[in-house]
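A closer look at the structure
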Amino acid sequence: MCPLRMQRDHIVGPLVLLLVCGFVASGTESSDYSEAEVLPDSFPSAPAEPLPEFLLEPEDAFIVKNRPVQLRCRASPATQIYFKCNGEWVNQNDHVTRESLDQLTGLVVREVDISVSRTQVEELFGLEDYWCQCVAWSSAGTTKSNRAYVRIAYLRKNFEQEPLGREVRLEQEVLLQCRPPEGMPAAEVDWLKNEDVIDPSQDPNFLITIDHNLIIKQARLSDTANYTCVARNVVARRRSSTATLIVYVDGGWTEWAKWSACGTECTHWRSRECQAPPPINGGKHCSGSMMESKNCTEGLCARNKKVSIEHASHPLSPGMGVAVYTGLVVALLLTVVMALGVGVLAYRRRCRHLHGDITDSSSALTAAFHPGNYKPPRQDNPLHPSAPPDLTATAGAFRGPLFSLPQGINDSPHKIPMTTSPLLDPLPSLKIKVYNSSTLSSLELPADMGVGDGEILSLKSVGTVGREREFHSHTLSREPGLSTSATLGHLGGRLTIPNTGVSLLVPPGTIPQGKFYEMYLIINKWDKTTLPSEGSQTVLSPVVSCGPSSMLLNRPVVLTLPHCAQLDTPTPDWTLTLKTQTHQGAWEEVLTVGEETLSSPCYLQLEEECCHVLMEQLGTYGLVGQSCPPRPACKRLQLALFAPRAPCLSLDYSLRIYCIHDTPHALKEVLDLERSLGGVLLEDPKPLFFKDSYHNLRLSIHDIPHNHWRSKLLAKYQEIPFYHIWSGSQRPLHCTFSLERASLAVSQLACKICVRQVEGEGQIFQLHTDIQETLPPHSPLPSGSTCLPSSQVGPYAFRLPDSIRQKICASLDAPSARGCDWRLLARSLGFDRYLNYFATKPSPTGVLLDLWEACHQGDADLVSLATALEEMGKSEVLVVMTTDGDC
């Protein structure tokens, strides 16, 4: 027997044991080998114990109702293993540990369980969800597992959007929308057709999109049914209201039947039926007659022949024929004379109100009040008789220039339109009434007007102008603070809505010489317009209308819009699209940034907080965007905290937090709203990046002094649904925290308000206020806004003098072999994203300078432009700028 004992922690190879045992057994028999020569100085030791490796890591879990969840982890080799939750060690007594031995490796395996209750999760305060982590030890060190998040599962009752019933024609594509209730975890959605689950793999005519909408590619008669959206998660199952879809078929005629036999009345008839197909499910019946008849003898009927023969046997005598024709001629002449008399009387009646130098109303109207291609309306239109017009119609404007006069020889081409001039006020001394098939207008002119006053004249019209004006009269409301207007001519100008970041630059030469337009700029209120976003798109700018939309522009204007897209990431997260609204109210894409072509009608210069749009067609525009996979995009939001104006005379007290776009217009809108409600802004708004992650915005109040104050909020927190914020369809969004103080003597309030996106960023308001202390209104100027006037006319609207502008254009418009032309200027100014747009313009440099003016409207000095020209080596232009400019 070998007297060696094997220890648990030391394993000696079998070969070594055999050798040792062999030599020990034969030691007495052979004296030639000593023990020192056979045995080594030391036996080999076991390999070092490795770091623990997790065989099972804890997984995310959801607490359903009040049932706790179990978290489990397993590691080997492990001498100890414990849980840590939210950075703190879990009590050792709360662990359930098991130990075993791995049969293959002989290493110790330890497994541990803990239980997490609903109370533990609800008591957590902070921006993170409740999390736990497993930590295992061995002699080599420690290893940590991944974090497992524990959340309270729920599924709200109300759907954010429910499907609506529809009637569609056969083979039409159908979209039934469904946004399930907010839930944790996010609800899964099934669609039911007459209570049967729809499986697109079984019926490819159905498609369920990633955002849970149901698409029927081609409606069939069998698709007439009741459709229900069902949302479910681990907590509950919710059903939407049922939407009834009716697929109808409009009726169609059969072919005509054969003609019947010729009847006694010398006619025959034929019929057809509305059966190809017949109307189904309320479809329209065929239009037209079911039966038609016609003469079947082609004039050869026996009775007709008899009449013809009788007439032929009694021809008119020559004398009677002359008398008949003479009477007809006399009657015609009398009719013409009477018509001329009525016309003269009507003309004199209309001219009673005319005096001054104008003697021919038709020439005045044609030459002075209409564009060159205007055609006078027909006077014999039965739909518009020559009755006196109704001048009580709503205010409107002409389509086309309001006034046009030929410029005199001695007139200066640089006269500045003065919008405050008395000549702009309508005078009652001369009134010309214009009748048109589509408009009834009244224009007023001063009687002592001269031809030289053409560039400082403004006319206003009364009436409505066509269907376009009828549409905009319902959608465009010029409310104070949301609109501006001015009369602009050939010298151009700039319209600005103060404190909103919205402006319109009209460069010189945009309006033809001698013509003037009453131009406007309007921010559309969200409750009075349809939004341009659809699907997963989000609205990023205010919806702005500029006009009149029928203007013909000689060169592009520049519309500036603020936006709330977060753009400072190294990779593009946004797909940005500019949209315009048609006269019928529908939205159409104008361009997508980065996908421009030679046919693109606009150019969009994108900056961090605003965009500038070069366009040649006025109308209604808005900027939308959506995430560009694989990364989710972020919107810049502002959180504004308001309270009632002091002193507070009631026991009740409320705090309102608004979540708005980070644009000057959005903040101005909330400030105006709270001012009307008697609220005051407690501190500067806080920024928040809101990610396209489908997680809601959660608001909670903490650290209320309960001995003096009580919160009326029953739940622990409030939430604003993700879709309400991301779509931009509801403004302004806010939550209210209602508090009640113990007595009127309590005046101090200190608390914390936490606002964060679930699994996203957040902000904390540290509130310390005296509700009885009267504070001045806290109304910060929105970021990016400046104290610019609402309108600037002529050269005063531009920082770059016209003389310098012309010399820069003359120097850079022509292509240069060295490339030192307008293209290098575009790169120096950062306007080179799509150079082909500028290359198609008669003066590319002029359009670049227009864009520079719009980008630097608040801080426009000539230094930045001069620096770019200096880098290009255009010293001759710098000399001109130094001499004539303000560099």
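First, a word on scope: everything that follows refers to the structure included in this document. In this text, all values refer to a predicted model and were calculated from it rather than measured experimentally.

Rules of the game
Residues numbered from 1 in each chain as written. Predicted model: local features only at pLDDT ≥ 70, side-chain atom pairs only at ≥ 80, totals over all residues. Heavy atoms only, no water. Helix = DSSP H or I, 4+ residues; strand = E, 2+ residues; numbered from the N terminus. Buried < 20%, exposed > 50% of the residue type's maximum accessible area, 1.4 Å probe, protein only. Polar contact = N/O pair within 3.5 Å; in protein donor to acceptor, adjacent residues only side chain to side chain. Pairing = 2+ DSSP bridges. Axes fitted to C-alpha atoms, helices over the stretch in contact; angles between N-to-C directions. Arc of directions from axis to C-beta. Salt bridge = Lys/Arg side-chain N within 4 Å of Asp/Glu carboxyl O. Disulfide = S-S within 2.5 Å. Parallel < 35°, antiparallel > 145°, perpendicular 65-115°, else oblique. Left-handed = near helix turned anticlockwise from the far one by under 90°. Contact = heavy atoms within 4.5 Å. Nonpolar A, V, L, I, M, F, W, Y, C, P; charged D, E, K, R; others polar.

1. Description of the side chain of Arg 756
Within the secondary structure, Arg 756 sits in strand 49 (residues 748-757). For Arg 756, a relative accessible area of 5% puts it in the buried group. Within the structure, the side chain of Arg 756 is placed 3.4 Å from the side chain of Asp 129, a separation counted as a polar contact.

2. Examining the sheet that holds strand 3 (residues 69-76)
Through backbone hydrogen bonds, the strands of a sheet pair up, either in parallel or in antiparallel fashion. Spatially, the four strands line up as an open sheet ordered 1-3-7-6, and their pairing is antiparallel. Looking at strand neighbours, the two that pair on one side only are strand 1 (53-56) and strand 6 (96-101), the edges of this open sheet. Shown here is a sheet whose adjacent strand axes are inclined to one another by a mean of 25°, direction ignored. Pairing analysis gives seven bridges linking strand 3 to strand 7 (residues 108-116), with the strands arranged antiparallel. Within strand 7, the position partnered with Ala 75 by the bridge is Arg 110.

3. Quick look at the pairing of strand 39 (residues 610-615)
Counting buried positions along strand 39 gives six out of six residues, so the element sits mostly inside the fold. Residue alternation in strand 39 divides its side chains into two sets, Cys 610, His 612 and Leu 614 and Cys 611, Val 613 and Met 615, and both sets are buried. As defined by bridge partners, strand 38 (residues 603-606) adjoins strand 39 across four bridges and the pair is classed as antiparallel. In the sheet register, Gln 605 faces strand 39, and the bridge partner there is His 612.

4. Brief notes about helix 10 (residues 802-812)
Listed as buried for helix 10 are Ile 804, Arg 805, Ile 808, Cys 809 and Leu 812. Down the axis of helix 10, the buried side of the element spans an arc of 135°, and every buried residue falls inside it. Helix 10 presents Gln 806 and Ala 810 as exposed residues on the side facing more than 90 degrees away from its buried surface.

5. Here we look at the pattern of salt bridges
Tallying each qualifying case throughout the model produces 36 salt bridges. A salt bridge links Asp 662 to Arg 636; its shortest N-O distance comes to 3.1 Å. Highlighted residues: Asp 662 in the loop between strand 42 (652-661) and helix 8 (664-677) and Arg 636 in strand 41 (residues 634-644), separated in sequence by 26 residues. For Asp 662, a relative accessible area of 19% gives the class buried. When salt bridges with common partners are traced through the structure, they connect Arg 72, Arg 74, Arg 98, Glu 111 and Asp 113 into a single cluster.

6. A few points about the state of the cysteines
Across all of its chains, the model carries five disulfides by this definition. Residue Cys 178 pairs covalently with Cys 229 via a disulfide, S to S 2.0 Å. Sign of the S-S torsion, about -70° for the bond between Cys 178 and Cys 229, identifies this disulfide as left-handed. Here the residue Cys 178 occupies a position in the loop between strand 13 (174-176) and strand 14 (183-184), and Cys 229 occupies one in strand 19 (residues 225-232), the gap between them amounting to 51 residues.

7. Looking at unusual backbone geometry
Here the bond from Ser 76 into Pro 77 is cis, since omega is -10°, no more than 30 degrees from zero. Its place among the elements puts Pro 77 in the loop between strand 3 and strand 4 (80-85). The omega torsion of the bond from Met 184 to Pro 185 falls at 0°, within 30 degrees of zero and hence cis. Looking at where Pro 185 falls in the secondary structure, it is placed in the loop between strand 14 and strand 15 (188-193). Phi is positive for Lys 65, close to 55°, though the residue is something other than glycine. Mapping Lys 65 onto the fold places it in the loop between strand 2 (61-63) and strand 3. For Lys 65, a relative accessible area of 54% gives the class exposed. The residue Asn 499 is not glycine, and still its phi comes out positive at about 60°. Its location among the elements puts Asn 499 in the loop between strand 30 (493-497) and strand 31 (502-506). The partly exposed category is assigned to Asn 499, whose relative accessible area is 26%.

8. Section: the packing of helix 11 (residues 822-829) against helix 13 (residues 844-855)
Axes are the key here: two packed helices are described by the angle between their axes and the distance separating the axes. At their nearest, the axes of helix 11 and helix 13 sit 9 Å apart, and the two run at 15° to each other. Comparing the axis directions of helix 11 and helix 13 gives the class roughly parallel. Along this stretch, helix 11 crosses helix 13, giving a crossing that reads as left-handed. Packed against helix 11, whose contacting residues are Trp 822, Leu 825, Ala 826 and Leu 829, the element helix 13 presents Pro 844, Thr 845, Leu 848 and Trp 852 at the interface. Broken down by class, the residue content of the contact of helix 11 with helix 13 amounts to seven nonpolar, one polar and no charged.

9. Digging into the sheet that holds strand 38
Within the open sheet, the six strands sit side by side as 38-39-35-31-30-51. Their pairing is antiparallel. Single-partner strands in this sheet number two, and they are strand 38 and strand 51 (791-793). Ignoring which end each strand starts from, the neighbouring axes of this sheet average 15° apart. In this structure, strand 31 lies alongside strand 35 (residues 557-562), joined through three bridges in antiparallel fashion. Bridge pairing in strand 35 places Leu 505 opposite Val 558. Helix-sheet contacts for helix 13 involve strand 30, strand 31, strand 35, strand 38 and strand 39, and the interaxial angle to strand 39 is about 150°.

Functional significance is not addressed by these values, which are geometric in nature.
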